[in-house]
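Commentary on secondary and tertiary structure
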Amino acid sequence: MIGLIQEIVSAALLIIGTLLLLLAGIGILRLPDIFLRMSAASKASSLGAGCVLLAVAVSAADIAITVRAVAGVLFLFLTAPVASHMIGRAAYMIGVPLWKGMVVDELKGHYDTRRHTLRGVDRAASSRQPRGTGPLGDVPDAGR
Amino acid sequence: MIQMIALWVILPLLSIAIALPVIRLVRGPSLPDRVVALDVMGTAVIAIFATYALINNQPAFLDAALVVGLIGFIGTIAFAYYTERRI
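Summary of the structure given here. This structure is a prediction, so every number in the text was calculated from the model and none was measured. In this convention, every chain numbers its residues from 1, walking through the sequence in written order. Whichever chain is written first is A, and whichever ligand is written first is 1; the rest continue in order. At least 70 in pLDDT is required for a residue's local features to be given in this predicted model, at least 80 for side-chain atom pairs to be given and counted, and no such filter applies to totals for whole chains, interfaces and linings, which use all residues.

1. Focus: the nonpolar core
Counting residues in each nonpolar core, the largest one holds 55 residues, and the members touching the most others are V56 of chain A together with A50 of chain B. If you list the elements that add at least two residues to this core, you get helix 1 (2-30), helix 2 (34-59) and helix 3 (63-93) of chain A together with helix 1 (2-27), helix 2 (31-56) and helix 3 (60-85) of chain B. Helix and strand assignments come from DSSP, with helices taken as H or I runs of at least 4 residues and strands as E runs of at least 2, each series counted from the N terminus. With 15 residues, the top contributor of residues to this core is helix 2 of chain A. Residues in contact with V56 of chain A, not counting those within four places in the same chain, are I65 and A69 of chain A together with A50, A53, L54 and L62 of chain B. Put simply, a nonpolar core is a cluster of buried Ala, Val, Leu, Ile, Met, Phe, Trp, Tyr and Cys residues tied together by C-beta atoms within 7 Å. Put plainly, a residue is buried at 20 or more neighbouring C-beta atoms within 10 Å of its own, exposed at 12 or fewer, and partly exposed in between, counting only other residues' C-beta atoms, which are placed from the backbone. Once C-beta atoms have been placed from the backbone, residue pairs whose C-beta atoms lie within 7 Å are recorded as contacts.

Right, dumping it as structure tokens:
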């Protein structure tokens, strides 16, 4: 009985994970923009591989195999967003063209593309006070 | 039974899931497109190793899957770092 439940759950997880990975491949091929492709790549493919590893963990009745598979799932879920974020940041920095059907680019003008840092966002505060000249920079009372 | 499903259904679908990003890897207009395609291919390779461990009852393939995931992560990070620093 337990074995039958194990097999059914494992087969369902395998099929779900494989369909998600196939969806990630189709999304990589068909979506129009690097950022949209990256959303398919990051979410669908990490969830698909996580489901396949969980299927292995359910199917094996050994604690060593289960621990390895769960460690693989944790590793995948920790590293996929970091890698995707870094690739997206690099693509935005080097000026990869965006999709022409895009509505709003909220990062436009906020990045200092020469130094690769985020420029000041709070424009009202910086225009209200003159920029400090002391060693503390923007602190208004730094001269006293 | 699950071995038969994995052998005759899961592995062909996963090979299609590897073959689709290859087209993007060849055609991709920019470097980050190719890096993202390689990332998806690496994740599908992890799934193939896990399925192979399930078919053959060989838990050593899970370690290989972990190593492939680590190498793919480091490769993606390195590509992103040097792409951003190049300009």
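2. Looking at the environment of L20 of chain A
All names here are of chain A. Within the secondary structure, L20 is located in helix 1. Exposure remark for L20: the 22 C-beta atoms within 10 Å place this residue in the buried category. As for L20 and S46, which are separated by 26 residues in sequence, their C-alpha atoms are 8.9 Å apart. When residues no more than four places from it in sequence are discounted, the contact partners of L20 are A44, L47, G48 and C51.

3. Details of the packing of helix 1 of chain A against helix 2 of chain B
For helices, the fitted line uses only the C-alpha atoms of the stretch in contact; every axis is such a line through C-alpha atoms, and the angle between N-to-C directions lies from 0 to 180 degrees. Running from N to C, helix 1 of chain A and helix 2 of chain B cross one another at 165°; their axes reach a closest spacing of 11 Å. The angle between helix 1 of chain A and helix 2 of chain B places the two elements in the roughly antiparallel class. As helix 1 of chain A packs across helix 2 of chain B, the resulting crossing turns out to be left-handed. Residues G17, L21, A24, G25 and I28 of chain A of helix 1 of chain A form the contact with helix 2 of chain B, whose own contacting residues are V36, A37, V40, A44 and A47 of chain B. Three residue categories are used. Nonpolar comprises Ala, Val, Leu, Ile, Met, Phe, Trp, Tyr, Cys and Pro, charged comprises Asp, Glu, Lys and Arg, and polar comprises the others, including Gly. Residues that form the contact of helix 1 of chain A with helix 2 of chain B fall into these classes: 8 nonpolar, 2 polar and no charged. We call two directions roughly parallel when the angle between them is under 35 degrees, roughly antiparallel when it is over 145, roughly perpendicular when it lies between 65 and 115, and oblique otherwise. For any pair of crossing helices, the crossing counts as left-handed if the nearer helix is rotated counterclockwise from the farther one by less than a right angle, and right-handed if it is rotated clockwise.

4. A short note on the environment of P81 of chain A
Residues and elements named next belong to chain A. Looking at where P81 falls in the secondary structure, it is placed in helix 3. Owing to 12 C-beta atoms within 10 Å, P81 belongs among the exposed residues under this scheme. Sequence-wise, P81 and S39 are 42 residues apart; in three dimensions their C-alpha atoms are separated by 9.8 Å.

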